[in-house]
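One-letter residues, chain by chain:
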Amino acid sequence: MPVEQQGDTRIWRRRDRKAALRHFGVTLAVAALVVFCATIISDQTTWEFVGSAPLQGADLAMRMWPPRLSYLTELWGPVIDTIHIATLGTILGVMIASPLAFLAANNTTPSRALVRPVALALLVTSRSVNSIIWALMLVVIFGPGMLSGIIAIALRSVGFCGKLLYEAIEEIDAHTVEAVASTGASRLQVLTFGVIPQIAPAFAGISVYRWDINIREATVLGLVGAGGIGMALQGAIDTLAWSRVSVIFLVILGTVVLSEWVSAKARAAVI
Amino acid sequence: MSPAPSSTTPTAGAPRRWRRPPHIANARTRWALYIGATLYLLWALSSVDIDVVRLFEGMSRARTFFAAALTPDFFTRWSDIRAGILESLTMTVVATVAGIALSIPLGLGAARNLASRPVYLICRAILAGTRAFHEIILAIMLVAMFGFGPFAGVVTLVVSTIGFLGKLIAEDIEAIQWNAVEAVESAGASWLQRVVYAVLPQIMPRFIGLSLYRLDINFRESAVIGIVGAGGIGATLTTAFDRYEFEAVSAILILIITTVFIAEYIAGAIRRKVL
């Protein structure tokens, strides 16, 4: 910590002069960037609309209230479809992610120079593209429906699960692996008896966590035609049936809360 | 590890064989779970509507799609794509900074060891509320309120940033070493001084890491909320999809992925420097 001498008194400073100057420069640059970006956004904003937003919001709330609960009976099918999409998508995603994670982890990859970068690139690509965008593409290929949704969820989950999983693999205790290898075990046996038991809890935890996220994602996939309750939402919004939209929101909220509770219970049980 | 007696099968004559003990000890629960899971999977799989004819048609579409993906067209729609990416980037910067600024007080308020009980409950409720809905649903509502354009998108991203960062900050604060706070307190520090000199230094490295990560997420999200009219590259992307211009779609996706790659690299560099 730098201490400055001023006359007789020594003053404690958090940074010395050079560091303070650099800190100030960086702060100024970031502030300038933010202000610049904010003016661009502000130029493209119709401020009258923003000003009337509370009014619009109140109007919307009035239209949404009271939620027409009689629609609930039509929503059970889509809700169950949404849960199916999330579950099947998670299973498929984990099935693709697991081998990729083994190829990407430093200690299990067959080749650090060749295979690992490819696996990592695939994982990043999967994570960079949102499941809605995957769904947009898949609807073009497979047509609207649950199948596109399931595959979209799976493709998105691969990156997330794969990343967490390969990090878990890299953190395992190497002694156990050595011990198994020293008994003359084959590569596959080392994997099944040395590596997999160590990552099994993390594997289960990650899968359940992703399932929870996927329930949330699956609720909106229908907006682009990939099945589930989002389709009902899209229909209600297109026909301006706001009292119906609010029922759908309530159902989505209930589903998300429920899935969070289930995943918390399941995670507590496995970890 | 010595094998559990139940997992060995000591039959006379045959060599003793070790078998791994099952994860769930109780055989009845184990089988109930297996059968239940299988039945559920069958139910879920049977509800998937696979139209075989459509699938065959889809294969030819898939071929044109992948062909297009391999020949990205950056030029035909370049001005639209450039405008979209720049709008997404500006939205990301503004929303991330505003979100961080708002999530700090909310995070402090939602930490059980710092805030009084009513403040804690209010902040936790706000944070839970902001995370309850998917960004797209937020964007739909906010577009209805603020009109089309990037402003609604920025508000959407701010709200989801608050939900994400606020919760994680609160959890970090709850896990700090309390000794430092007591030390500063014993020097006569006020509440604010305690926060600035004892709490923030402890959570800063992780907080910076999380903020950089959120910058990343916000850029990716900005590509999606454009689909419902909240500005950014998503609008360009949906237009390209609607016109079946898959070469442009491919170009946009490549740009998004590249930007995320670069962002991740820069974030890594900053993190190494800060930590």
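Residues numbered from 1 in each chain as written. Chains lettered and ligands numbered in written order. Predicted model: local features only at pLDDT ≥ 70, side-chain atom pairs only at ≥ 80, totals over all residues. Heavy atoms only, no water.

In the nomenclature of an unreviewed UniProt entry, chain B corresponds to Phosphonate ABC transporter, permease protein PhnE from the organism Lujinxingia sediminis. Note on chain B: under the UniProt heading Subcellular location (unreviewed entry), the record states "Cell membrane". A UniProt comment under Sequence similarities (unreviewed entry) is attached to chain B, and it reads "Belongs to the binding-protein-dependent transport system permease family." (UniProt positions renumbered as here; feature names shortened; annotations may be inferred.)

Labelled according to an unreviewed UniProt entry, chain A appears under the name Phosphonate ABC transporter, permease protein PhnE, originating from Lujinxingia sediminis. The record in UniProt for chain A states the following under Sequence similarities (unreviewed entry): "Belongs to the binding-protein-dependent transport system permease family." Among the UniProt annotations of chain A, the heading Subcellular location (unreviewed entry) holds the following wording: "Cell membrane".

Honestly, the overall build of chain B in this entry has me stumped. Any pointers?
Looking only at helices and strands, chain B features ten helices and zero strands. Each helix and strand of chain B, ordered N terminal to C terminal, gives the series α-α-α-α-α-α-α-α-α-α. Here the C-alpha radius of gyration of chain B, 27 Å, is well above what a compact globule of 275 residues would show, namely 19 Å. For chain B, the spread of C-alpha atoms along the three principal axes comes to 80 × 75 × 35 Å. Taken across its 275 residues, chain B has 44% of its residues classed as buried. Put simply, 70% of the contacts in chain B that link residues at least 6 apart link residues at least 24 apart. Taken as a whole, chain B presents about 15000 Å² of accessible surface, with 67% of it coming from carbon and sulfur. In chain B, which carries 24 positive and 18 negative side-chain charges, the distance between the mean positions of the two groups comes to 13 Å. (Helix = DSSP H or I, 4+ residues; strand = E, 2+ residues; numbered from the N terminus. Rg over C-alpha atoms; globule rule 2.2 N^0.38 Å. Buried < 20%, exposed > 50% of the residue type's maximum accessible area, 1.4 Å probe, protein only. Contact = heavy atoms within 4.5 Å. Areas by Shrake-Rupley, 256 points an atom, 1.4 Å probe, with all protein chains shown as cover. Lys, Arg positive; Asp, Glu negative; His and termini not counted. Charge placed at Lys NZ, Arg CZ, Asp CG, Glu CD.)

Which parts of the structure should I look at to understand the interface of chain B and chain A?
Note on interface size: it is often stated as the accessible area lost on association of the parts. Chain B puts 54 residues into the contact, and the matching count from chain A is 59 residues. Between chain B and chain A, roughly 5000 Å² of surface is buried when both sides are summed, and carbon and sulfur atoms account for 77% of that area. On inspection of chain B and its partner chain A, the count reaches one salt bridge. Residues R127 of chain A and E264 of chain B are paired through a salt bridge, measuring 3.7 Å at the closest nitrogen-oxygen approach. Looking at the side of chain B that touches chain A residue by residue, the class counts come to 39 nonpolar, six polar and nine charged. (Buried area = accessible area lost by both parts, 1.4 Å probe. Salt bridge = Lys/Arg side-chain N within 4 Å of Asp/Glu carboxyl O. Nonpolar A, V, L, I, M, F, W, Y, C, P; charged D, E, K, R; others polar.)

Even after reading the chapter, I still don't get empty space enclosed by the protein, so can you show me in this structure?
Where empty space is left becomes clear once a probe the size of a water molecule has been rolled over the atoms. Summed over all chains, the structure comprises two cavities of 30 Å³ or more. As a volume, the largest cavity reaches approximately 40 Å³. Where the lining of the largest cavity is concerned, the elements lending two or more residues are α2 (47-51) of chain A together with α6 (150-174) of chain B. When its volume is computed, the second largest cavity comes out at roughly 40 Å³. Every residue lining the second largest cavity is listed: V94, A97, S98, C161, L165, F203, I206 and S207 of chain A. (1 Å grid on protein atoms, 1.4 Å probe; cavity = no way out; pocket = protein on both sides within 12 Å on 5 of 7 lines; lining within 4 Å. Points joined across faces, edges and corners; volume = space filled by probe spheres on them.)

What should I look at first to understand the UniProt feature "domain: ABC transmembrane type-1" (unreviewed entry) in chain A in this one?
Feature annotation in UniProt assigns "domain: ABC transmembrane type-1" (unreviewed entry) to the following positions: residues 79-263 of chain A. Secondary structure content for residues 79-263 of chain A is 83% helix and 0% strand, and the end C-alpha separation is 17 Å.

Would you mind showing me how to read the pattern of salt bridges here?
Using the criterion set out here, one finds twelve salt bridges over all chains in the structure. Residue E170 of chain A pairs with R116 of chain A through a salt bridge whose shortest N-O separation is 3.3 Å. Here E170 of chain A, found in helix α7 (residues 146-170), pairs with R116 of chain A, found in helix α5 (residues 115-128); they are 54 residues apart in sequence, far enough to count as distant. Judged by its relative accessible area of 30%, E170 of chain A falls in the partly exposed class. Look at R116 of chain A and you get buried, because its relative accessible area is 18%. What you see here is one network of salt bridges that share partners, running through R77, D80 and E245 of chain B.

Looking at this structure, I do not really get the UniProt feature "transmembrane region" (unreviewed entry) in chain A. What am I missing?
This chain's UniProt record puts "transmembrane region" (unreviewed entry) on residues 20-41, 83-105, 132-155, 190-211, 218-237 and 243-262 of chain A. Secondary structure over residues 20-41 of chain A splits into 100% helix and 0% strand, and the C-alpha atoms at its two ends are 31 Å apart.

Sorry, what's going on with the UniProt feature "transmembrane region" (unreviewed entry) in chain B here?
All names here are of chain B. According to UniProt, the "transmembrane region" (unreviewed entry) feature falls on residues 31-53, 89-111, 136-159, 223-242 and 248-270. For the annotated span residues 89-111, helix accounts for 91% and strand for 0% of the residues, and the straight-line distance between the end C-alpha atoms is 32 Å. The span residues 223-242 is 65% helix and 0% strand, and its two end C-alpha atoms sit 16 Å from each other.

Looking at this structure, how should I read unusual backbone geometry?
Glycine aside, negative phi is the norm for most residues, and most peptide bonds take the trans geometry. Residues and elements named next belong to chain A. Its identity as a non-glycine residue notwithstanding, L240 has a phi of 55°, on the positive side. Here L240 lies in the loop between α10 (229-238) and α11 (242-270). Accessibility expressed as a relative area gives 60% for L240, which makes it exposed.

Help me understand the pairing of strand β2 (residues 9-12) of chain A in this model?
Residues and elements named next belong to chain A. Relative to β2, strand β1 (residues 3-6) runs antiparallel, the two being bridged by four bridges. Its bridge partner being in β2, V3 is matched across the sheet by W12. The antiparallel pairing of β1 with β2 creates a hairpin that spans two residues between the two strands, and G7 there sits at a positive phi of about 65°. (Pairing = 2+ DSSP bridges.)

What is the right way to read a nonpolar patch on the surface from this model?
On the surface, W31, L33, Y34, I35, L39 and L42 of chain B cluster together into a nonpolar patch covering about 670 Å² of accessible area. The residue L33 of chain B is located in helix α1 (residues 27-46) in this model. (Patch = residues over 30% accessible without salt bridge, like charges linked within 9 Å, V, L, I, M, F, W, Y side chains within 5 Å.)

I keep staring at the UniProt feature "domain: ABC transmembrane type-1" (unreviewed entry) in chain B and nothing clicks. Help me out?
Under the feature "domain: ABC transmembrane type-1" (unreviewed entry), the UniProt entry names residues 85-267 of chain B. Strand forms 0% of residues 85-267 of chain B and helix 84%; the C-alpha atoms that close the span are 19 Å apart.

Explanation requested: helix α9 (residues 233-242) of chain B in the structure shown.
Along an α-helix, residues three or four apart share an orientation, since each turn contains 3.6 residues. Within α9 of chain B, seven of the ten residues are buried, which leaves the element mostly enclosed by the surrounding structure. Where α9 of chain B is buried, its residues meet α6 (131-142) of chain A together with α2 (52-70), α3 (78-109), α8 (191-225) and α10 (246-274) of chain B. Looking one or two residues past α9 of chain B, Y244 of chain B carries a phi angle of roughly 55°, positive in sign.

Would you mind showing me how to read the environment of G205 of chain A here?
Mapped onto the fold, G205 of chain A is located in helix α9 (residues 187-221). C-alpha separation for the pair G205 of chain A and A264 of chain A, spaced 59 residues apart in sequence, amounts to 9.6 Å.

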